[in-house]
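# Structural characterization, general
Each chain, written out:
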Amino acid sequence: MRTVLRSVPIDRPTTEPSALPRRAPLPAHHPDPVLDVVVPVYNEENDLEPCVRRLHAHLRETFPYAFRITIADNASTDATPRIAARLAAELPGTDWIRLAERGRGRALHTAWSRSRAPVLAYLDVDLSTDLAALLPLVAPLISGHSDIAIGTRLARGSRVVRGPKREIISRCYNGLLRGTLAVGFSDAQCGFKAVRRDVAERLLPLVEDREWFFDTELLVIAERAGLRIHEVPVDWVDDPDSRVRILSTALADLRGMARIGKALACGRLPLSALRRSGGDLAGELPAGLARQVARFAAVGAASTLCYLLLYTVLRPGTGAQAANALALLASAIANTAANRRLTFGVRGRGGALRQHLKGLAAFLIGLALTSGSLALLHHTAPGAGHPVELMTLVVANLAATLLRFLLLRAWVFPARRTTGPSAA
């Protein structure tokens, strides 16, 4: 048994360490425990023993590597510490630590920081998640495929049994995350996650929360740094005896979102220290390309709609060419600003003027394409009506949009500008 009397805050690094090495699979014959599964508990005298015994039996029968189970007791006042000590004495590969302060995030932070296992995981003591998903959860980390793995109750293939209240709250929370922090992962709150230790060593000093927002903060930072997050659909049954206070937890989560959003916007997080050196494994797409394309498409759809509305409003008073130029200029400025923040993750004022000027150059190319298409239309079909003009502009704008994305990615916001601390 190891007792932790207090949680010692870890200072943020004043200088950024070197980038993470490239991912590699763990050796087939690893002498020490490969997986450390942490079970954070607070006053769980009823659920602790059946949970740990079931987990231990499952790992012993199905997990092909050596493992450890760590019970992280954060200031329980019932019989939980006594039960944890007895389990640690009876079950091989079982340990426990006791913290003097409460907080699930604090328990995970402490247990993961002390562990030497190359793969770190945790699950909730109620075992709401089917343990059959544990091996699929950690396999991508052992193989070197991914950096973090999370269980998700919101993906196709998940089977979830819970009441409508918790279902609505969960979906609203994850929807709010996507809307405010533009995250790509689907379920931040599922109590079933794993991380490679080399990644945890860099992430944990950056995560401030020690309560329920710990998971979300860790995932947001990891995703913004370009780390690979693997999602596993899980079978999940709601625990009717959950101890989570919904209102206070929701308010704390909102404060956490505001704090992490501000830190990202101000460039206070050393994200480059979390990136993999030399890029990812050979044959992979450039970091963030698929996500950038999706966000660029969404921004492009919105700016195209604004462009067409402006053109329609300005056309009667200014004529086709002037209306096209003014509408395209206004939408291009808004498009560059939105892509700067949402698609390429650039925050702060540094380089903003230069980037907008480059964006203006991309706009001029779009203007040439769309104006040229209008001129060609009026030359070949002088009597073409307004619907034909709009259709021609849509086609030309699509071509200009594709070219603009390539210019934005390679020239206006190149990858090297999103690897420093100002990137988010």
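Bear in mind that the values here come from a model prediction, so they are computed numbers and not experimental data. (Residues numbered from 1 in each chain as written. Predicted model: local features only at pLDDT ≥ 70, side-chain atom pairs only at ≥ 80, totals over all residues. Heavy atoms only, no water.)

A packed helix pair is summarised by two numbers, namely the angle formed by the two axes and the spacing between the axes. At their nearest, the axes of helix H10 (residues 320-343) and helix H12 (residues 386-412) sit 13 Å apart, and the two run at 35° to each other. Considering the relative orientation of H10 and H12, their crossing is right-handed. Contacts between H10 and H12 involve Ala-320, Asn-324, Leu-328, Asn-335 and Asn-339 on the former and, on the latter, Glu-389, Leu-393, Asn-397, Arg-404 and Leu-408. In terms of residue class, the contact of H10 with H12 is made up of 4 nonpolar, 4 polar and 2 charged. (Axes fitted to C-alpha atoms, helices over the stretch in contact; angles between N-to-C directions. Helix = DSSP H or I, 4+ residues; strand = E, 2+ residues; numbered from the N terminus. Left-handed = near helix turned anticlockwise from the far one by under 90°. Contact = heavy atoms within 4.5 Å. Nonpolar A, V, L, I, M, F, W, Y, C, P; charged D, E, K, R; others polar.)

Before going further, it helps to spend a moment on the pattern of salt bridges. Per the counting criterion, the structure on display carries 20 salt bridges. With a shortest N-O distance of 3.6 Å, Asp-124 and Arg-104 are connected by a salt bridge. Linking Asp-124 in the loop between strand E5 (119-123) and helix H4 (134-142) with Arg-104 in helix H3 (residues 104-114), this pair joins segments that are 20 residues apart in sequence. Owing to a relative accessible area of 24%, Asp-124 belongs among the partly exposed residues under this scheme. (Salt bridge = Lys/Arg side-chain N within 4 Å of Asp/Glu carboxyl O. Buried < 20%, exposed > 50% of the residue type's maximum accessible area, 1.4 Å probe, protein only.)

Another aspect to go through is the nonpolar core. Among the nonpolar cores identified, the biggest contains 43 residues, and Trp-112, Ile-148, Leu-203, Leu-218 and Ile-221 are the most heavily contacted of them. Counting residues per element, the ones that place at least two in this core are strand E4 (94-99), H3, E5, strand E6 (148-152), helix H5 (164-181), helix H6 (197-203), helix H7 (214-224) and helix H8 (246-265). Per-element accounting of this core gives the leading share, 6 residues, to H7. Contacts of Leu-218, omitting those with residues within four sequence positions, involve Trp-112, Ile-148, Leu-203, Leu-204 and Val-207. (Core = buried A, V, L, I, M, F, W, Y, C linked by side-chain atoms within 4.5 Å.)

Before going further, it helps to spend a moment on helix H1 (residues 48-62). Taking 1.5 Å as the rise per residue, H1 with 15 residues should run 21 Å; its terminal C-alpha atoms sit 21 Å apart, in good agreement. Within H1, burial applies to Leu-48, Cys-51, Val-52, Leu-55, His-56, His-58 and Leu-59. For H1, the arc enclosing every buried residue in end-on projection is 165°, short of the 170-degree limit, so these residues lie on one face. Seen from the open side of H1, the exposed residues pointing more than 90 degrees away from its buried face are Arg-60 and Glu-61. In this structure, the buried side of H1 is in contact with strand E2 (35-41), strand E3 (67-74), helix H2 (80-90), E4, E5 and H4. (Expected span 1.5 Å × (residues − 1). Arc of directions from axis to C-beta.)

This paragraph deals with the pairing of strand E8 (residues 192-196). Across the 5 residues that make up E8, a large majority, 5, are buried. Here E8 shows a buried face lined by Phe-192, Ala-194 and Arg-196 and a second buried face lined by Lys-193 and Val-195. Pairing geometry for E5 and E8, over 5 bridges, is antiparallel. What sits directly across from Tyr-122, in E8, is Lys-193. Pairing analysis gives 3 bridges linking E6 to E8, with the strands arranged antiparallel. Pairing of Ile-148 across the sheet is with Val-195, part of E8. (Pairing = 2+ DSSP bridges.)

Another aspect to go through is H5. With 18 residues, H5 extends 25 Å from end C-alpha to end C-alpha; this agrees with the ideal 26 Å at 1.5 Å per step. Buried within H5 are the following residues: Ser-170, Tyr-173, Asn-174, Leu-177 and Leu-181. Taken end-on, H5 shows its buried residues confined to a sector of 85°, consistent with a single buried face. The exposed residues of H5 that point more than 90 degrees off its buried face are Pro-164, Lys-165, Ile-168 and Gly-179. In the stretch just after H5, Ala-182 is the one whose phi turns positive, near 55°.

For the rest of this paragraph, the subject is the environment of Cys-51. Assignment of secondary structure puts Cys-51 in helix H1. Judged by relative accessible area, Cys-51 falls into the buried class, the value being 2%. Contact partners of Cys-51, with chain neighbours within four places excluded, come to Val-39, Leu-123, Val-125 and Leu-127.

To continue, consider a nonpolar patch on the surface. Together, Leu-329, Ile-333, Leu-353, Leu-357, Leu-360 and Leu-364 line one region of the surface with nonpolar side chains, adding up to about 560 Å² of accessible area. Looking at the nonpolar patch element by element, the count peaks at 4 residues for helix H11 (residues 352-380). Relative to the elements of secondary structure, Leu-364 occurs in helix H11. With relative accessibility at 47%, the residue Leu-364 sits in the partly exposed group. (Patch = residues over 30% accessible without salt bridge, like charges linked within 9 Å, V, L, I, M, F, W, Y side chains within 5 Å. Areas by Shrake-Rupley, 256 points an atom, 1.4 Å probe, with all protein chains shown as cover.)

Right, let's get into the packing of aromatic side chains. Taken as a whole and assessed by the stated rule, the structure comprises 3 aromatic pairs. Centroid distance Trp-112 to Phe-214: 6.3 Å. Interplanar angle 55°. Geometry classified as tilted. Here Trp-112, found in helix H3, pairs with Phe-214, found in helix H7; they are 102 residues apart in sequence, far enough to count as distant. Take Phe-214: its relative accessible area is 1%, and that puts it in the buried class. Aromatic ring contacts, followed pair by pair, group Trp-112, Tyr-122 and Phe-214 into a single cluster. (Phe/Tyr/Trp six-rings, centres within 6.5 Å; stacked < 30°, edge-to-face > 60°.)

With respect to the helices, strands and loops of the structure, Glu-217 is situated in helix H7. Among all residues touching Glu-217, those that are not within four sequence positions of it are Leu-206, Val-207, Glu-208, Asp-209, Arg-259 and Ile-260.

Worth remembering: the numbers are spatial, not functional.
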